[in-house]
Amino acid sequence: MRALAVRAARCAVRVLRAEWHGIVVDPVRRLRRRGPSGLLLAFVAAFGVVFFHAIAQHPTGRRLVRLVGGVQGDLPLWLALLRTPVSLYVPALDLPVWGGLTQLFLAFALAELTLGRRRTLFLAYATTLAGTLSARVMLALGPGRWGLGLPPEAGRILDTGPSAAVVGLFTYLSVVRRAPVVFVLTSGSMVAESVLKPNLAGREHLIAVATAIVLASVHGRGRLLRPGRKRRTAGTGPPPRTQRAAGTCPPPAPHQPDTPDPAPSSRPGSATGPRHGDEDMNLAPEESGPTGPA
């Protein structure tokens, strides 16, 4: 038992060390190389949330925010899709904006430094859109249908805020970087929220987690298949030009003068032995030579 405990402790230390380097150390190194420009999306997201929150404090500004970024389940689909990108920066009215601002900045900063701006924007929009569309599906199912349906009254709830994007980004990073602690904290908190407080926001957060896991698994499979495809291409491709020229155009053999070969070997059955015609010619002078007097 002691050896098992020591082995488990070493394994936990290795996992935590790898997670620390993947989630914190590597992004900090990239931030040193890129400078403040590596946090552009994080600053824009934080500024957008603060801006819309300040406008929504006045009645006129609140109506303007609803017209620009207010998304509800009973809206037409085209209007909901048009307002979804702006709704990502509109904070929910029943949640404290300053409490989630740190999580928002940290999620966008880590994702931008690790994944890049394009992929970060894609993930944030994809997870938010998945939650918005899933709410419409739940409303279409109706209450009591497989435990997923929602009553028609839920279609009038304002469905805005960057929480789905934040949850999706943290989940995607935890899967890609193999960070089980971050994954458990993110996904576990969302599951606990949906169980303790079953509402539309909790269900959308679970949808965001599932969407991020699917996208991360597709990304990991693509990274595994890409090196194999390169190796197959390198193995089946044409050889270099120099090797192909050497293989098809060999250098000419040196010219050998037409000189008589030395005396062949007289061993019978030898490959270089004399031919039958040569043997007859060598024996002819001996048979026709001069003889003594009779």
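Just above, that's the structure.
Report follows, based on the coordinates. (Residues numbered from 1 in each chain as written. Predicted model: local features only at pLDDT ≥ 70, side-chain atom pairs only at ≥ 80, totals over all residues. Heavy atoms only, no water.)

**Here's the deal with the environment of Ala210**
Test applied: Comment: elements are numbered from the N terminus, with helices defined as DSSP H or I runs of at least four residues and strands as E runs of at least two. Using a 1.4 Å probe on the protein chains alone, a residue whose accessible area is under 20% of its type maximum counts as buried, one over 50% counts as exposed, and one in between counts as partly exposed.
Assignment of secondary structure puts Ala210 in helix α9 (residues 200–236). A residue is classified by how much of its surface remains accessible, and Ala210, at 40% relative accessible area, is partly exposed.

**A word on the nonpolar core**
We apply this condition: Definition used in this section: a nonpolar core is a set of buried Ala, Val, Leu, Ile, Met, Phe, Trp, Tyr and Cys residues joined via side-chain atoms within 4.5 Å.
Ranked by internal contacts, the top residues of the largest apolar core, which has 29 residues, are Leu104, Phe108, Leu115, Leu169, Phe170 and Tyr172. When contributions to this core are tallied by element, the ones reaching two or more residues are α2 (40–55), α5 (97–115), α6 (117–141), α7 (163–176) and α9. Formed by 5 residues, the second largest nonpolar core is a distinct cluster that contains Ala135, Leu150, Ala154 and Leu200.

**Considering the packing of aromatic side chains**
Stated formally: A pair of Phe, Tyr and Trp rings is counted when the ring centres sit within 6.5 Å of each other, with Trp represented by its six-membered ring. The angle between the planes then sorts it: under 30 degrees is stacked, over 60 is edge-to-face, the rest tilted.
Evaluation of the coordinates by the stated rule reveals 3 aromatic pairs. When the centroid spacing of 5.2 Å and the interplanar angle of 70 degrees are considered together, the rings of Phe43 and Phe105 count as edge-to-face. With Phe43 in helix α2 and Phe105 in helix α5, this pair connects stretches of sequence that are 62 residues apart. For Phe43, a relative accessible area of 46% corresponds to the partly exposed category. An angle of 75 degrees between the planes, with centres 5.5 Å apart, marks the rings of Phe51 and Phe52 as edge-to-face. Relative accessible area serves as the criterion here: at 42%, Phe51 is assigned to the partly exposed category. Overall, Phe52 belongs to the buried group, its relative accessible area being 16%. A network of ring pairs unites the aromatic residues Phe47, Phe51 and Phe52 as a single cluster.

**Concerning the side chain of Arg83**
Here is the rule: We count Lys and Arg on the positive side and Asp and Glu on the negative side, and we leave His and both chain ends out. Here, a salt bridge means any Lys or Arg side-chain nitrogen found within 4 Å of an Asp or Glu carboxyl oxygen. As used in this structure description, the phrase polar contact means that two N or O atoms lie within 3.5 Å; if the pair is within protein, one of them must be able to donate a hydrogen and the other to accept it, and residues adjacent in sequence are counted only when both atoms belong to side chains. Contact criterion: two residues are considered in contact whenever any of their non-hydrogen atoms come within 4.5 Å of each other.
Along the chain, Arg83 turns up in helix α4 (residues 77–87). Although buried, Arg83 forms no salt bridge, and the nearest oppositely charged side chain, Asp74, lies 8.3 Å from it. A polar atom in the side chain of Arg83 sits 3.2 Å from the backbone oxygen of Arg66. When near neighbours in sequence (up to four residues on either side) are disregarded, Arg83 contacts Arg66, Leu67, Val68, Gly69, Gly70, Val71 and Leu75.

**Concerning unusual backbone geometry**
You will see that Arg178, though not glycine, has its phi angle at about 55 degrees, which is positive. Assignment of secondary structure puts Arg178 in the loop between α7 and α8 (180–196).

**A short note on the packing of α6 against α7**
For any two helices packed against each other, one specifies the inter-axial angle together with the distance between the axes. Applied cut-off: In this analysis, axes come from line fits to C-alpha atoms, helices being fitted only over the stretch in contact, and the angle between any two N-to-C directions falls in the range 0 to 180 degrees. Orientation categories follow fixed angle ranges, with anything under 35 degrees roughly parallel, anything over 145 roughly antiparallel, 65 to 115 roughly perpendicular, and all other angles oblique. Two helices crossing with the near one rotated counterclockwise from the far one by less than a right angle form a left-handed crossing, whereas a clockwise rotation gives a right-handed crossing. Charged residues are taken to be Asp, Glu, Lys and Arg, nonpolar residues to be Ala, Val, Leu, Ile, Met, Phe, Trp, Tyr, Cys and Pro, and polar residues to be all remaining types, Gly included.
Following both chains from N to C, one finds α6 and α7 inclined at 125 degrees, their axes separated by 8 Å at the closest point. It follows from the interaxial angle that α6 and α7 lie oblique. The way α6 lies across α7 gives a crossing that is right-handed. Within the contact between the two elements, α6 uses Arg119, Thr120, Leu123, Ala124, Thr127 and Thr128 and α7 uses Ala164, Ala165, Gly168, Leu169 and Tyr172. Across the contact of α6 with α7, the residue classes tally to 6 nonpolar, 4 polar and 1 charged.

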